Amino acid sequence: ASFGFKEVPRTQKQSLVRGVFDRSARRYDLMNDVMSLGIHRAWKDMTITRANPRPGEVLIDVAGGTGDLARAFVDRAEERRARNGGDPARAVVADINYEMLEAGRKRGEDERLSWACVNAECLPFGDATADCVMIGFGIRNVTDRARALADMHRVLKPGGRFLCLEFSHPTTRALSRVYDAWSFNAIPRLGQLIAKDRDSYQYLVESIRRFPNQDAFKREVEEAGFKNVSVTNFSGGIAALHTGWKI
Ligand code: SAM
């Protein structure tokens with residue numbers, strides 16, 4: 001598939017570098033598992049259901065990492081194709097971290113997937129390229145969110161849909177109290193115990209706290225030009241899915 005960008009070159013140096021790539025990807029997986037007690041897998045599944053993938057569609061999975069969401073998208077479209085026919089769906093996994101992309105590609109070659117090492121703030125794709133743009137647990141790490149949101153809007157076709165899955169803020173006081181204890185006390189300790197890396201886990205917790213709440217982020221999505229923006233809380237707001245349309 002050609003989307004008008006330079007694909008990440010395929011590497012020959014398999015075994016030596018593989019360890020580094022896998023460690024980097026495993027670290028992210030582990031962080032998400034610790035932070036969500038493994039529930040992020042169910043949140044991703046619900047996100048794909050909402051994305052409603054169809055045969056022949058193009059997805060850009062921004063900050064896509066190892067491509068979990070992209071693979072799930074094209075597989076879900078394939079189930080539909082088996083029943084109704086049509087072309088395979090395709091996805092570009094667009095991530096700033098080359099190691100993540102390499103680890104993702106090594107999880108299984110798939111000609112429906114392309115891999116692009118890019119910054120979410122300046123996507124190297126043409127206007128109106130994608131039927132769907134998704135960002136999962138990535139927007140929180142982007143420096144200039146407004147720019148990234150505007151660029152995701154630009155690359156969507158009119159009628160296309162945007163989905164953003166991110167850790168968010170608990171919606172009840174009772175859950176907040178449990179969550180505070182869990183995230184401020186337990187998570188940095190678990191990070192130290194499991195990954196010997198207290199600081200990264202501390203940073204993870206703080207970055208989630210600093211991220212705007214559901215309503216504030218909804219406004220940011222609207223300011224980028226998306227219409228009919230809606231928010232779905234997962235697990236009482238521990239994560240939230242923001243969706244919107246380009247009209
Ligand atoms: N979306 C994947 C998932 O849900 O499994 C990966 C999520 S991982 C927690 C966050 C990803 O965001 C990392 O792969 C990181 O490299 C990527 N990232 C961070 N800042 C980025 C940026 N400015 N542009 C593109 N990707 C970025």
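Rules and cut-offs
Residues numbered from 1 in each chain as written. Predicted model: local features only at pLDDT ≥ 70, side-chain atom pairs only at ≥ 80, totals over all residues. Helix = DSSP H or I, 4+ residues; strand = E, 2+ residues; numbered from the N terminus. Expected span 1.5 Å × (residues − 1). Bend = angle between axes of the 7 residues up to and from the residue. Buried ≥ 20, exposed ≤ 12 C-beta atoms within 10 Å, placed from the backbone. Core = buried A, V, L, I, M, F, W, Y, C linked by C-beta atoms within 7 Å. Domains from an automatic or database assignment. Contact = placed C-beta atoms within 7 Å. Nonpolar A, V, L, I, M, F, W, Y, C, P; charged D, E, K, R; others polar. Near = placed C-beta within 6 Å. UniProt positions renumbered as here; feature names shortened; annotations may be inferred.

### Thoughts on helix 6 (residues 173–195)
Over its 23 residues, helix 6 extends 31 Å from the first C-alpha to the last, a length consistent with the 33 Å expected when each residue adds 1.5 Å. Of all the bends in helix 6, the largest measures some 40 degrees and sits at A186, one to four residues before the proline P188. Taken as a whole, helix 6 has its buried residues at S183, I187, P188 and G191. After helix 6 finishes, the residue K196 shows a positive phi value of roughly 50 degrees.

### Comments concerning the nonpolar core
Residues L59, F73 and V133 are the most contacted members of the largest nonpolar core, which totals 63 residues. Counting contributing residues per domain, this core is built from domain 1 (14–168 + 213–245) and domain 2 (170–210), each supplying no fewer than three. Excluding its chain neighbours within four sequence positions, the residues that come into contact with L59 are A70, F73, A89, A91, A130, C132 and M134.

### Quick word on the domain arrangement of the chain
Domain boundaries assigned for the chain yield domain 1 (14–168 + 213–245) and domain 2 (170–210). The gap between the C-alpha centroids of domain 1 and domain 2 is 24 Å. Contact residues are listed per partner, giving 11 residues for domain 1 and 13 residues for domain 2. The element that contributes the greatest number of residues to the side of domain 1 that touches domain 2 is helix 1 (residues 14–36), accounting for five residues. A per-class count over the side of domain 1 that touches domain 2 returns six nonpolar, three polar and two charged.

### Here we look at the site of the ligand
Residues in close proximity to the ligand total 18 residues, the closest being A63, G65, N97, A120 and G136. Of the residues belonging to the shell around the ligand, the class tally is eight nonpolar, seven polar and three charged.

### Details of the UniProt feature "binding site: S-adenosyl-L-methionine" (unreviewed entry) in the chain
The sites that UniProt annotates as "binding site: S-adenosyl-L-methionine" (unreviewed entry) are T66, D95, N119 and A120. Tracing the sequence through the fold places T66 in the loop between strand 1 (58–62) and helix 3 (68–84). Those residues in contact with T66 that sit more than four places away from it in its chain are A25, M100, A103, G104 and R107. Inspection of the secondary structure assignment puts A120 in the loop between strand 3 (113–117) and strand 4 (130–136).

### Quick notes on the environment of E109
Here E109 is to be found in the loop between helix 4 (98–106) and strand 3. Each C-alpha atom of the pair E109 and L175 lies 41 Å from the other, and the pair is 66 residues apart in sequence.

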